[in-house]
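# Commentary on secondary and tertiary structure
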Amino acid sequence: MSKRAYLDAASAESLHPAAREILLSALDSGWADPARLHHEGRNARLLLDNARAVLADALGVRPDELYLTSSGTAAIHSGLPAVAAARHRVGSTIVHSAVEHSAVLHAAAAAGTAAEVGVDSLGRIDQDAFSTQVTRPGVALAALQAANHEVGTRQPIAWAAEICAQAGVPLFVDAAASIGRDAVPAGWSVLAASAHKWGGPAGVGLLAVRKGTRLAPAWPVDEREDGLSPGHPNVPAALAAAAALQARLQESAALDRQHRAWIDELRRRVAADIADVEVVGDPDDRLPHVLTFSCLYVDGEALVTALDTEGFSVSSGSACTASTLRPSHVLAAMGVLTHGNVRVSLGRTTTYEEVDRFAQVLPGLVRRIRAEVGM
């Protein structure tokens, strides 16, 4: 088998070399409790403050507007309900798109009455329906992702922020798929992100809350992160996350141009070389590194497994895992083909040779799997 090609960077990036260096150093100097007043605690606090300042600068917020959590999911599960609870006198309706990450869908369902807004075939929100829902009485907040994690389509965040501002409704933005790869959208009230998406360590999430946005955590509050992330912070991991994001932003212009060109080529080759295939998501207004396509008469799990055998690590949002028999809610909401779905996402270490080899190997695998089921 050829050298493996990791093409699932949208799930997690390998640890950036800059993050690895900082992490190893901080394990020896940042292990103490930063809430303590002794020498070791003050040193850990200095390191934590430095990490927060770097991360806040990358997001365009003040350090005191940024909270560190144990993951991107934790940021969503703590931040979204806290905003909704603070507005309980206004109402309990939470407006969100039909293609939000499952963490947002679960948090919205638990925190209030969800009002789902549909999307078009590219995965972009129905703007008329969103505007109608947000301006109705009783809306606690609206949630709209910066870009979709499965198909890469960007959402009109600046427009949505203006609609929400006019209605006096906070806008919660899940930016986990885009931070480090795309410009931070403007106008939001609360934003969530996850470090392992940009080459930081797993276990670090970001929750940015603009001043003036009220929060009311629904759990016992302690002195850590204003109660939004209780417990001892992982100072070395926070420093590594900051170093990775800082390095990724320095590389982003060149990497994103490269990835966009390679994904454009893959879109053309997949559509041209495979019969009964649907390439989904916006071809232009999208994240630079993500490609998703679905193949008719192909089992998604079988295709992912076959690609893995050939040395390609990809993911699938279709009904192909042991944990669920349901198709991707994102693809279903878009009204596109959900069978035989594959998401390819390029990372910092991806090479053109890997992309080219994937495009060469894929058509034969699809033909073989179809033949095995008599198609």
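Residues numbered from 1 in each chain as written. Predicted model: local features only at pLDDT ≥ 70, side-chain atom pairs only at ≥ 80, totals over all residues. Heavy atoms only, no water.

## Some thoughts on the overall build of the chain
Let me state the cut-off plainly: Helix and strand assignments follow DSSP, with helices taken as H or I runs no shorter than four residues and strands as E runs no shorter than two, numbered in order from the N terminus. Both definitions apply: the radius of gyration is a C-alpha atom measure, and the globule rule equals 2.2 Å times residues to the power 0.38. We call a residue buried when its accessible area falls under 20% of the maximum for its residue type, exposed when it is over 50%, and partly exposed in between, using a 1.4 Å probe and counting protein chains only. Working rule for contacts: check all heavy atoms of both residues, and any pair within 4.5 Å makes them a contact. Reported accessibility uses the Shrake-Rupley method at a 1.4 Å probe radius. Residues are deemed covered only where the shown protein chains occlude them.
When you go through the chain residue by residue, the secondary structure sums to 10 helices and 12 strands. In terms of overall size, the chain behaves like a compact globule, its C-alpha atoms giving a radius of gyration of 21 Å where 375 residues would be expected to give roughly 21 Å. Considering only C-alpha atoms, the chain reaches an extent of 65 × 55 × 35 Å along its principal axes. Counting the 375 residues in the chain, one finds 55% classified as buried. Considering only intrachain contacts with a sequence separation of at least 6, the fraction spanning at least 24 residues in the chain is 71%. For the chain, the accessible surface area stands at approximately 15,700 Å², while carbon and sulfur atoms represent 53% of it.

## Things to note about helix 7 (residues 235-273)
Our working definition: A helix is expected to reach a length of 1.5 Å times the quantity of its residues less one. The reported bend at a residue is simply the angle between two axes, fitted to the 7 residues ending at it and to the 7 residues beginning with it. What qualifies as a polar contact is a pair of N or O atoms within 3.5 Å, subject to a donor-acceptor requirement within protein and to the restriction that residues adjacent in sequence count only when both atoms come from side chains.
Here helix 7 spans only 49 Å end to end across 39 residues, well under the 57 Å set by a 1.5 Å rise per residue. Along helix 7, the largest kink reaches about 60° and is centred on serine 252. For helix 7, the capping residue at the N-terminal end is asparagine 234, with a side-chain oxygen 3.1 Å from the backbone nitrogen of alanine 237.

## Considering helix 1 (residues 17-29)
Given 3.6 residues per helical turn, the α-helix brings residues three or four places apart onto the same face. Inclusion rule: As used here, the arc is the angular range of directions from the helix axis to the C-beta atoms.
Taking 1.5 Å of rise per residue, the 13 residues of helix 1 would be expected to cover 18 Å, and the 19 Å separating its terminal C-alpha atoms lies within 8% of that figure. Along helix 1, the residues that are buried comprise Ala19, Leu23 and Ala26. Taken down its axis, helix 1 places every buried residue within 75° of arc, on the same side. For helix 1, the exposed residues lying more than 90 degrees away from the buried face are Glu21, Leu24 and Asp28. Here the buried face of helix 1 lies against helix 7.

## A closer look at the sheet that holds strand 8 (residues 205-209)
Defined as follows: Two strands make a pair as long as DSSP finds a minimum of two bridges between them. The convention used is that axes are lines fitted to C-alpha atoms, helices contributing only their stretch in contact, and that angles between N-to-C directions extend from 0 to 180 degrees.
One open sheet accounts for 7 strands, arranged 2-8-7-6-5-3-4; its pairing is mixed. Each having just a single partner strand, strand 2 (66-69) and strand 4 (113-117) make up the two edges of the open sheet. Neighbour to neighbour, the strand axes of the sheet diverge by 20° on average, direction disregarded. Of the pairings in the sheet, the one linking strand 6 (residues 171-174) to strand 7 (residues 190-194) comprises 3 bridges and is parallel in character.

## Examining the side chain of arginine 357
In plain terms, the rule: Only four residue types enter the charge count, namely Lys and Arg as positive and Asp and Glu as negative; His and the chain termini do not. In what follows, salt bridge is the name for a side-chain nitrogen of Lys or Arg lying within 4 Å of a carboxyl oxygen of Asp or Glu.
With respect to the helices and strands, the residue arginine 357 is situated in helix 10 (residues 352-372). Buried arginine 357, no salt bridge; nearest opposite-charge side chain is glutamate 310, N-O distance 5.5 Å. Reaching out from arginine 357, the side chain makes a polar contact with the backbone oxygen of glutamate 310 at a distance of 3.3 Å.

## Digging into the environment of alanine 177
Residue placement: alanine 177 occurs in the loop between strand 6 and strand 7. Of the residues examined, alanine 177 reaches a relative accessible area of 18% and is grouped as buried. Alanine 177 sits 23 residues away from arginine 154 along the chain, and the two C-alpha atoms are 10 Å apart.

## Quick notes on the nonpolar core
Stated formally: Put simply, buried Ala, Val, Leu, Ile, Met, Phe, Trp, Tyr and Cys residues joined by side-chain atoms within 4.5 Å make one nonpolar core.
Ranked by internal contacts, the top residues of the largest apolar core, which has 49 residues, are Phe130, Leu171, Trp198 and Leu206. The biggest single contributor to this core is helix 7, with 9 residues. Residues in contact with phenylalanine 130, not counting those within four places in the same chain, are Val95, Val117, Ile125, Ala142, Trp159, Ala160 and Cys164. In this structure, Val270, Val298, Phe312 and Phe358 belong to the second largest nonpolar core, which totals 28 residues.

## Structural notes on the pairing of strand 10 (residues 290-295)
Of all 6 residues in strand 10, 6 are buried, a share of seventy percent or more. Covered by surrounding structure in strand 10 are Val290, Thr292 and Ser294 together with Leu291, Phe293 and Cys295, the residues of both alternating faces. In the sheet, strand 9 (residues 277-280) pairs with strand 10 via 4 bridges, with the strands oriented antiparallel. Pairing of valine 279 across the sheet is with phenylalanine 293, part of strand 10.

## Side note on the pattern of salt bridges
Considering all chains together, one arrives at 16 salt bridges under this definition. Across the pair arginine 4 and aspartate 308 runs a salt bridge whose closest N-O atoms are separated by 2.6 Å. With a gap of 304 residues between them, arginine 4 in the segment before strand 1 (5-6) and aspartate 308 in helix 8 (residues 300-309) connect regions that are remote in the sequence. Among the charged side chains, a network of salt bridges with common partners joins Arg124, Arg154, Asp182, Asp282 and Asp285.

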